[in-house]
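Results of the structural survey
Letter by letter, the chains look like this.
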Amino acid sequence: MIVVMRTDASPEQIEAVRAKIRELGYQDRPIQGVERTVVCVLGQVYPEMLDELSVLDGVETVLRVSKPYKLASREVHPMDTVVRVGDLEIGSGRVVVMAGQCSVDTEEYTLATAQAVRDAGAHVLRGGAFKPRTSPHSFEGHGAKGLELLARAKAITGLPIITEVMDPRDVELVAETADILQIGSRNGQNFALLKEVGRTDKPVLLKRGMWATVEEWLLAAEHIMTQGNHNVILCERGIRTFETATRFTFDVNAIPFVKRESHLPVVADPSHGTGRWYLVEPVALAAIAAGADGLIIEVHVSPDHALSDGAQSLTPQNFARLMERLDVLCQALGRPLHPAVGQAPSAARGDGQRP
Ligand code: PEP
Ligand code: MN
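First, a word on scope: everything that follows refers to the structure included in this document. (Residues numbered from 1 in each chain as written. Chains lettered and ligands numbered in written order. Predicted model: local features only at pLDDT ≥ 70, side-chain atom pairs only at ≥ 80, totals over all residues. Heavy atoms only, no water.)

Neither face of strand β11 (residues 204-207) is open: one carries Val204 and Leu206, the other Leu205 and Lys207, and all of them are buried. Handedness of the crossover is the feature at issue here: the chain leaves strand β10 (residues 180-183), passes through helix α6 (residues 191-198), returns alongside β11, and the resulting connection is right-handed. Bridge count between β11 and strand β12 (residues 232-236): four bridges; the pairing is parallel. Paired with Lys207 across the two strands is Cys235, which belongs to β12. (Buried < 20%, exposed > 50% of the residue type's maximum accessible area, 1.4 Å probe, protein only. Helix = DSSP H or I, 4+ residues; strand = E, 2+ residues; numbered from the N terminus. Right-handed = clockwise from strand over helix to strand, strands pointing away. Pairing = 2+ DSSP bridges.)

If you want it as structure tokens, here you go:
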């Protein structure tokens, strides 16, 4: 249920509505719009409540929200949300690209990859320090040491960092280095973790669970948002289907659908969505054409030596080519690439094995 305040409602009237909601045993979440404030009532509401709140001073109207997700829904928040990371604006109509290694490995590879993606025009550096692996025998990341390498890469390139957090106990540590906290596909219903990142003020990139319906994905966002953190970026990364030719089935339908259902920015991950480096560029372009606000792409200066996901990682040369084609597409669509971020000087671009 949402309480729409009149445009001339005073701060006292808004506070009185919030107090009444709390008095009735519900949580209140105000959303300050350009013209008016809307107060969301969180919890299982009863029909008479509509009348009880409608009569309060300063209230324009009270509406039932038909969707199971409330804070993430466009019904509650019609305007697009723009998530800010320093000068970077995600969801502003300008396309943002996050790129880097699947997992942080050696210092040499990490710094060379960071410089290469920055030189090609990436806006955010990605790299996993804590890696979710299907097999416990696979490389699970360098942990805290990996975060230190990412911090070094940020100092050199000026790029903000996105990195995954897998355990609620690590959120504080990861948030010291990360500019954006990544929730991986496998943790899309780890409610303790979702709530923990919801208690921070860091932007959160929420990957779609590989088994999650769009509704379950948006309800995962709702778990984060009910804790107070509304800086959520959704990420379509492919789902499990009967198809085995590709690693996952990238659900391009979900992009315009979710943009319609939700006000949150949506980015696409064609690397995990396809699992094959030569499919990354076409699917990346398709995702942007379908309305995605940005991309997250795996790049490695030497994919054959990557400790995870080398098969889907682009060489710097292929990433630079993707950026050039993306630029053309973005201009044609009238949604240009976001201006470059980061002021730090960059060194020579690393070389990959594939042309
Ligand atoms: C990743 O981005 O490194 C990753 C593990 O992705 P996903 O959670 O989508 O599998
Ligand atoms: Mn990966």
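Protein-derived coordination of the manganese ion (ligand 2) comes from Cys102 (SG), His272 (NE2), Glu298 (OE) and Asp309 (OD), at a distance range of 2.0 to 2.4 Å. Motif for the manganese ion (ligand 2), donor spacing along one chain: C-x169-H-x25-E-x10-D. Here Asp309 lies in the loop between β14 (294-298) and α11 (316-333) and Cys102 lies in strand β7 (residues 96-103), a separation of 207 residues in the sequence. When sorted by exposure, Cys102 lands in the same class as Asp309, which is buried. (Donors = N, O, S within 2.8 Å, 3.2 Å for Na, K, Ca; no water.)

Turning next to the site of ligand 1. Neighbouring ligand 1 are the residues Arg126, Lys131, Pro132, Glu164, Gln182, Gly184, Ser185, Arg186, Lys207, Arg237, His272 and Glu298. Here Arg186 contributes a side-chain N or O atom positioned 2.8 Å from an oxygen atom of ligand 1. When ligand 1 is considered free in solution it has 300 Å² of accessible area, and contact with the protein chains removes 97% of it. (Near = heavy atom within 4 Å. Polar contact = N/O pair within 3.5 Å; in protein donor to acceptor, adjacent residues only side chain to side chain. Areas by Shrake-Rupley, 256 points an atom, 1.4 Å probe, with all protein chains shown as cover.)

Counted by the stated rule, this structure contains two aromatic pairs. With 6.4 Å between their ring centres and 50° between their planes, Tyr26 and Tyr46 make a pair best called tilted. You can see Tyr26 sitting in the loop between α1 (11-23) and β2 (27-32) and its partner Tyr46 sitting in the loop between β3 (37-42) and α2 (49-54), a full 20 residues away along the chain. Residue classification places Tyr46 among the partly exposed residues on the basis of a relative accessible area of 25%. Relative to Tyr278, the ring of Trp277 lies with its centre 5.9 Å away and its plane at 85°, an arrangement referred to as edge-to-face. The aromatic ring of Phe248 is capped on one face by Arg237, whose charged end is 4.1 Å from the ring centroid. (Phe/Tyr/Trp six-rings, centres within 6.5 Å; stacked < 30°, edge-to-face > 60°. Lys NZ or Arg CZ within 6 Å of the ring centre and 35° of its normal.)

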